[in-house]
Amino acid sequence: APFAVIAAEGAGNLGQADQTLEALLPEDGVVPGWKRAESPVLYGPHNLWDCINGAAALYLDYGFRSLATAYYKTTDGQSTAALEVYRMETPLHAFAIYAAERSHEEDFVKIGVEGYLDEKALNFWKGPYYTKVSSYRTVEDSKGMLRKLAGIVASRIPGQYTEPEAFRFFPTKNRVPKSERYIPRNFLGYPFFKAGYRVDYKDGQGSYQLFLVPNGSPTEAEQAFTMYREHLAPQDAGLTSDKKGEYRTMSTTDGKTVFLYGSYVGGIFDEPDEATASKVVAALIAALKKSNPKNQPTVDIAEVP
């Protein structure tokens, strides 16, 4: 059985290592006709590779803290299911890893804050937890079984949570549904962007992307903006700069317009039309200003590792 191999490589007794995770896992008989196949197993940052191997690096970058796995089988032993509950650093990090693995074409369900479901798997996030339920063999009403297991876990996670508030600053016009992403470190591949938010857009002319990087202060934001300009300048002889009232911009010949506004660096990618880029950037900045006229970060910088 696939879960027996994983369990053999685990880190010991789950109950001793993380009581909170253990309490989220359904016990025998909670889902009628199903029972635990064996004791749950805990994984930490040191041995996550033993469970998810190639994906471990991404999870660690996204604030992974611990993972509890539990395996279930029908009372007749003919079908099996796996439950994985990942505890991330914060709810924001749980959203981040969930969003990294979803696409806008999924069948979304209201479990936890949000989840998506197919014939053999259901993934959802709530609080600092990202949960996956999968069935190795399709059984009658397999989606119902997945919903029941996931619903039990979701009901045991206390608190009310919503999608990260930063996304309310992004314009809704032309937004690609479910394209919101939060990258908790090295945003755009640059260490001077500690973390950032991005959203995909599509209009009649093509696709573009908006992003927003909060910083702890206007000084930190200006430093990041300057380092990004120094990175772009040798690659783009046509790089231009401008000052528009309360914010500054720089634009490249390949469709990037980046702004500095107070404690934020943000911008638009893949939009070669300057008029459109300026209009969209202005809308994003207007939303930031309306929410916080004092021009301070409106997302929790303490959550950025």
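Draft legend 1. Structural view of the overall build of the protein. Within the protein one finds nine helices and 15 strands. Counting over 305 residues, the protein shows a buried share of 49%. For the protein, the exposed surface amounts to about 14100 Å²; the carbon and sulfur share of it is 49%.

Draft legend 2. Quick look at the side chain of T69. Tracing the sequence through the fold places T69 in strand 3 (residues 64-74). Among the residues examined, T69 registers a relative accessible area of 0% and is labelled buried.

Draft legend 3. The arrangement of helix 7 (residues 142-155) in detail. Taking 1.5 Å per residue as the helical rise, helix 7 with its 14 residues ought to reach 20 Å, and the 20 Å between its terminal C-alpha atoms agrees with that figure. Along helix 7, the positions that sit buried rather than exposed are S142, G144, M145, L146, L149, A150, I152, V153 and A154.

Draft legend 4. Fine view of the layout of surface pockets. Estimated volume of the largest pocket: approximately 330 Å³. Counting only elements with at least two residues in the lining of the largest pocket, the list comes to strand 10 (196-203), strand 11 (206-214) and helix 9 (274-291). With four residues, the single largest contributor to the lining of the largest pocket is helix 9. Taken together, the residues that form the lining of the largest pocket break down as six nonpolar, five polar and five charged.

Draft legend 5. Structural detail: helix 8 (residues 218-232). The first and last C-alpha atoms of helix 8 sit 21 Å apart over 15 residues, in line with the 21 Å expected at 1.5 Å per residue. Of the positions making up helix 8, those classed as buried are A221, A224, F225, Y228 and L232. Angular distribution of buried residues about the axis of helix 8 spans 100°; they occupy a single face of the element. Turned more than 90 degrees away from the buried face of helix 8 sit T219 and E230, all of them exposed.

Draft legend 6. Structural view of the packing of aromatic side chains. In this structure the tally under the stated criterion is 20 aromatic pairs. Arranged with centres 5.3 Å apart and planes meeting at 65°, the rings of F193 and Y228 form a pair that is edge-to-face. Remark: Y228 occurs in helix 8 and F193 occurs in the loop between strand 9 (181-183) and strand 10; sequence separation between them is 35 residues. The class of F193 is buried, set by a relative accessible area of 0%.

Draft legend 7. Structural view of the nonpolar core. Counting residues in hydrophobic clusters, the biggest one holds 63 residues, and the most contacted among them are Y86, F193, Y228, F259 and V265. By residue number, the principal contributor to this core is helix 6 (residues 91-101), which donates seven residues. Once residues within four sequence positions are removed from consideration, V265 is found in contact with F193, F211, L212, V213, N215, A221, A224, F225, V258, F259 and L260. Membership of the second largest hydrophobic core comes to 27 residues, among which are L21, L25, L149 and A154.

Draft legend 8. Molecular detail of the environment of D273. Its location among the elements puts D273 in the loop between strand 15 (264-269) and helix 9. Assessed through its relative accessible area of 37%, D273 is described here as partly exposed. Once the C-alpha coordinates of D273 and G255 are considered, the two residues, 18 residues apart in sequence, prove to be 7.4 Å apart.

Draft legend 9. Broad picture of the sheet that holds strand 9. If you trace the seven strands from one edge of the open sheet to the other, you get 9-10-11-15-14-13-12, paired in antiparallel fashion. Only two strands of the sheet have a single neighbouring strand rather than two, namely strand 9 and strand 12 (240-244). Taken over all neighbouring pairs, the strand axes of this sheet differ in orientation by 20° on average, direction set aside. Note: strand 13 (residues 247-251) against strand 14 (residues 257-261), four bridges, orientation antiparallel. The partner of T249 across the bridge, within strand 14, is F259. On top of the sheet, helix 6 reaches strand 9 and strand 10; it is set at about 115° to strand 9, its chief contact. Packing of helix 9 onto the sheet brings it into contact with strand 11, strand 12, strand 13, strand 14 and strand 15, and relative to strand 14 it is tilted by some 25°.

The rules behind the values
Residues numbered from 1 in each chain as written. Predicted model: local features only at pLDDT ≥ 70, side-chain atom pairs only at ≥ 80, totals over all residues. Heavy atoms only, no water. Helix = DSSP H or I, 4+ residues; strand = E, 2+ residues; numbered from the N terminus. Buried < 20%, exposed > 50% of the residue type's maximum accessible area, 1.4 Å probe, protein only. Areas by Shrake-Rupley, 256 points an atom, 1.4 Å probe, with all protein chains shown as cover. Expected span 1.5 Å × (residues − 1). 1 Å grid on protein atoms, 1.4 Å probe; cavity = no way out; pocket = protein on both sides within 12 Å on 5 of 7 lines; lining within 4 Å. Points joined across faces, edges and corners; volume = space filled by probe spheres on them. Nonpolar A, V, L, I, M, F, W, Y, C, P; charged D, E, K, R; others polar. Arc of directions from axis to C-beta. Phe/Tyr/Trp six-rings, centres within 6.5 Å; stacked < 30°, edge-to-face > 60°. Core = buried A, V, L, I, M, F, W, Y, C linked by side-chain atoms within 4.5 Å. Contact = heavy atoms within 4.5 Å. Pairing = 2+ DSSP bridges. Axes fitted to C-alpha atoms, helices over the stretch in contact; angles between N-to-C directions.

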